[in-house]
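# Breakdown of the fold
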Amino acid sequence: PGPLEGGTCSRLIIYNIFFYFIAPQNQSVTHNSSLYKKPFVESFEETPLLVAVLTYMGYGILTIFGYLRDFLRQWNIEKCHVAREREEQKDFVPLYQDFENFYTRNLYMRIRDNWNRPICSVPGAKMDLVQRVSYNYNWTFEHTGKVVKDVINMGSYNYLGFAENTGACADAAIEVTQQYGVGVGSTRCEMGNLGIHEELEQLVARFLGVESSMAFGMGFATNSMNIPALTGKGCLILSDELNHASLVLGARLSGSTIRVFKHNNMQSLEKLLRDAIVHGQPRTHRPWKKILIVVEGIYSMEGSIVRLPEIIALKKRYKAYLYLDEAHSIGALGPNGRGVVDYFGLDPKDVDIMMGTFTKSFGAAGGYIGGRKELIDYLRRHSHSALYATSMSPPVAQQIITSMKIIMGEDGATLGADRLRQLSENTTYFRRKLHDMGFIIYGNDDSPVVPMMLYMPAKIGAFGREMMKRNIGTVVVGFPATPIIESRARFCISAAHTSEMLDTAKLSLKYYRVA
């Protein structure tokens, strides 16, 4: 039951006949260039064999030394800082997972100083960091009382530069704070439905070009709490293998059957769709109640853009439903900043569930779901995030409204269009410079997420520290967040970055490469 209706037995029989006796077996929409209005260019260079071998050797050496240090800790030769079970509880089931704990204390602790750095300013194009030191090899940190000024921020998802404490957005948020306060103290369905929430949802629907929308206070919960309201037992979810943890959690909580297709691989997706329709559910072979394809607009760890025209073509052909997560693409892609649908020039009505967050391009917090009015009305009654979560803070809602109107040009100025153009220019410039310098970078040419490959575990910590010495804040990522031989640094480009900032980052990368 719900707004997305499923198949029937007659449809299953018709599809069986069609696929095996009528439909040409070599017909496929995969890599169909006629679906794209402009070239779709992405690069994912395979890890060189020598680099892969050296990377595995590096992790192997770290593991060996980790077991050696654990042996020394067991005999109290080396001090152990990590939490352990007490001796009198040795016969109980272990509280901590053995390998996870091993990885944390012997590998992660070596490079822990690259994360969780305290920021003491607006995380805009530049930021101030609290200086900290560790005297016990990153187990604990102490603040020195000094501040590292004007660090170039190359890690925040501040795509359009709205993370700021001055300007129209900040002024409007202050005014709303004085009117409503900062907290609501209730859910939307009780006493927490404010006029500003209604205004926000109407604006989001108009921005996306859909009938209706609903806003939520947390982006992660928008996925994890709404997918279970849309699908359940007897439904099938086809999920991209690189989907975000919130999508994975939502799919698991739904109780639906989950099948994973290779990232952006239309042959893999089409095969799963065919098999699902032909064979139906396991054992009973009844038709699936719903088949839901779940993808993202921009994949934040890969910098790739979803092949949306092909997925929509497959969705229509096989009568499935499409859930599109535009957390990173909304505001960052398209001539009008309306995400991946706008980027490809597609009809928003071809996407059944349009999801996105306000935490990136809008400099705020929370998420939204847009689509048909029946869908949104259904979620208002059945979504756990709508029924049990506290309403969005009023100044946060106003931040979104003001920034969205700027993007749409409804502020009477060209600031939104200027920021969209600047983001596109910065993305193209930075990607081209990194490529010309010989670095291996992943993703689409138009993606503001720029992963630069490091591969070896020793480079993860060294790169982050060297960039900080040059006043550049970056995000370094390794296993288990990435495959073991695909560690990387991830740059997030912003419209607030000037050419001088990007050149400074580029020059620092050049020095690092020489070193």
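Residues numbered from 1 in each chain as written. Predicted model: local features only at pLDDT ≥ 70, side-chain atom pairs only at ≥ 80, totals over all residues. Heavy atoms only, no water.

## A closer look at the sheet that holds strand 14 (residues 449–455)
Here we have 3 strands laid out as an open sheet, ordered 14-17-16, and antiparallel in their pairing. Of all strands in the sheet, those with a lone pairing partner are strand 14 and strand 16 (475–477), marking the two edges. Put simply, the sheet's adjacent strands are angled 25 degrees from each other on average, direction ignored. Here strand 14 runs beside strand 17 (residues 487–492); their pairing, made up of 6 bridges, is antiparallel. Paired with Tyr-455 across the strands is Ser-487, a residue of strand 17. Its contacts with the sheet put helix 16 (residues 457–469) on strand 14, strand 16 and strand 17, and the angle it makes with strand 14 is roughly 125 degrees. (Pairing = 2+ DSSP bridges. Helix = DSSP H or I, 4+ residues; strand = E, 2+ residues; numbered from the N terminus. Axes fitted to C-alpha atoms, helices over the stretch in contact; angles between N-to-C directions. Contact = heavy atoms within 4.5 Å.)

## Quick notes on the packing of helix 4 (residues 168–180) against helix 14 (residues 394–408)
Following both chains from N to C, one finds helix 4 and helix 14 inclined at 145 degrees, their axes separated by 8 Å at the closest point. Relative to helix 14, helix 4 is oriented so that their crossing is right-handed. In this structure, helix 4 uses Ala-168, Cys-169, Ala-170, Ala-172, Ala-173, Val-176, Thr-177 and Tyr-180 to contact helix 14, whose residues at the interface are Pro-394, Pro-395, Gln-398, Gln-399, Thr-402, Ser-403 and Ile-406. For the contact of helix 4 with helix 14, the class distribution of residues is 10 nonpolar, 5 polar and no charged. (Left-handed = near helix turned anticlockwise from the far one by under 90°. Nonpolar A, V, L, I, M, F, W, Y, C, P; charged D, E, K, R; others polar.)

## Observations regarding the state of the cysteines
Taken as a whole, this structure holds 0 disulfides when the rule is applied. In this structure Cys-492 is not part of a disulfide, and its nearest cysteine sulfur, from Cys-169, lies 20 Å away. (Disulfide = S-S within 2.5 Å.)

## A word on the environment of Ala-172
Along the polypeptide, Ala-172 turns up in helix 4. For Ala-172 and Pro-395, which are 223 residues apart along the polypeptide, the C-alpha to C-alpha distance reads 8.0 Å. If we ignore the near neighbours within four places in the chain, the residues touching Ala-172 are Gln-398 and Thr-402.

## Details of the sheet that holds strand 2 (residues 126–133)
One open sheet accounts for 3 strands, arranged 2-3-15; its pairing is mixed. Both edges of this open sheet fall to strand 2 and strand 15 (472–473), since each of them pairs with a single strand only. Relative to strand 15, strand 3 (residues 142–153) is paired through 2 bridges, and the arrangement is parallel. Note on strand 15: the bridge partner recorded for Ile-152 is Ile-472.

## Remarks on the UniProt feature "transmembrane region" (unreviewed entry) in the chain
Mapped onto this numbering, the UniProt entry gives "transmembrane region" (unreviewed entry) at residues 12–29 and 49–68. Split by type, residues 49–68 is 100% helix and 0% strand. Its first and last C-alpha atoms lie 29 Å apart. (UniProt positions renumbered as here; feature names shortened; annotations may be inferred.)

## Thoughts on the UniProt feature "domain: Aminotransferase class I/classII large" (unreviewed entry) in the chain
According to UniProt, the positions carrying the feature "domain: Aminotransferase class I/classII large" (unreviewed entry) are residues 149–505. Structurally, residues 149–505 comprises 42% helix and 18% strand, and the distance from its first C-alpha atom to its last is 16 Å.

## A short note on helix 4
Across its 13 residues, helix 4 extends 18 Å between first and last C-alpha, which sits within 8% of the 18 Å expected from 1.5 Å per residue. Buried within helix 4 are the following residues: Cys-169, Ala-170, Ala-172, Ala-173 and Val-176. The buried side chains of helix 4 occupy one side of the element, clustering within an arc of 160 degrees when seen end-on. Projecting away from the buried face of helix 4 at angles above 90 degrees are the exposed residues Asp-171, Glu-175 and Gln-178. Buried positions along helix 4 lie against helix 5 (195–208) and helix 14. (Expected span 1.5 Å × (residues − 1). Buried < 20%, exposed > 50% of the residue type's maximum accessible area, 1.4 Å probe, protein only. Arc of directions from axis to C-beta.)

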